[in-house]
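What follows is each chain in one-letter form.
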Amino acid sequence: VQLVESGGGLVQPGGSLRLSCAASRFTFSGFGMSWYRQAPGKERELVASISGAGDSTYYKESVKGRFTISRDNAKKTVYLQMNSLKSEDTAVYYCNVLILGRNYWGQGTQVTVSS
């Protein structure tokens, strides 16, 4: 299993970013995918999830209405569109897949929201 995130960076409050996670070495369409984040000094937390077919999603309450998770099974890629970013969204964002009881993670991508 390989997960490679991209798209992080520095953005001003109120701005937008789109994260991408390119997946390989497993049957991508057969598994739900998730985005987690970890801020300095805090535990890693689930931000959003999407089913294998893309027809079901979950969002952490604090990002509802601002973030959108989506996937392109043909490209084996999952996305996280983040709008109206706030300083509290600053964290390292990780792509995740759970396969046969084992969690797989990407290397993470830093998102910093600051003026």
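Read on for an overview of the structure. Since the model is a prediction, treat every value here as computed from it, not as a measurement.

Before going further, it helps to examine the pattern of salt bridges. On inspection of all chains with the given rule, the structure shows 5 salt bridges. For the salt bridge of arginine 37 with aspartate 89, the shortest nitrogen-to-oxygen distance reads 3.0 Å. Of the two residues, arginine 37 is situated in strand β4 (residues 33-38) and aspartate 89 in the loop between β8 (77-82) and β9 (91-99); the sequence distance between them amounts to 52 residues. For the pair formed by arginine 37 and aspartate 89, the shared burial category is buried. Here glutamate 61 and lysine 64 are joined by a salt bridge, their closest N and O atoms 3.1 Å apart. Exposure remark for lysine 64: the relative accessible area of 47% places this residue in the partly exposed category. One network of salt bridges, with partners in common, ties together Arg37, Glu45, Lys60, Arg66 and Asp89.

One ladder, built from 5 bridges, connects β4 with strand β5 (residues 45-50); its direction is antiparallel. In the sheet register, tyrosine 36 faces β5, and the bridge partner there is leucine 46. Between the antiparallel neighbours β4 and β5 lie 6 residues, among them glycine 41 with a positive phi of about 75°. Looking at chain direction, β5 and strand β6 (residues 57-59) are connected through 3 bridges and run antiparallel. Looking across to β6, one finds that isoleucine 50 is bridged to threonine 57. The turn joining β5 and β6, which pair antiparallel and follow one another in sequence, is formed by 6 residues; a positive phi near 80° is taken by glycine 54.

Right, let's get into the sheet that holds β8. Strands sit in the order β1-β3-β8-β7 across an open sheet of 4 strands; the sheet is antiparallel. Two strands bound the open sheet, and with one partner strand each, they are β1 (2-6) and β7 (67-72). Taken over all neighbouring pairs, the strand axes of this sheet differ in orientation by 15° on average, direction set aside. Both strand β3 (residues 17-24) and β8 contribute to a ladder of 6 bridges, which runs antiparallel. The partner of alanine 22 across the bridge, within β8, is threonine 77.

Scoring rules and cut-offs
Residues numbered from 1 in each chain as written. Predicted model: local features only at pLDDT ≥ 70, side-chain atom pairs only at ≥ 80, totals over all residues. Heavy atoms only, no water. Salt bridge = Lys/Arg side-chain N within 4 Å of Asp/Glu carboxyl O. Helix = DSSP H or I, 4+ residues; strand = E, 2+ residues; numbered from the N terminus. Buried < 20%, exposed > 50% of the residue type's maximum accessible area, 1.4 Å probe, protein only. Pairing = 2+ DSSP bridges. Axes fitted to C-alpha atoms, helices over the stretch in contact; angles between N-to-C directions.

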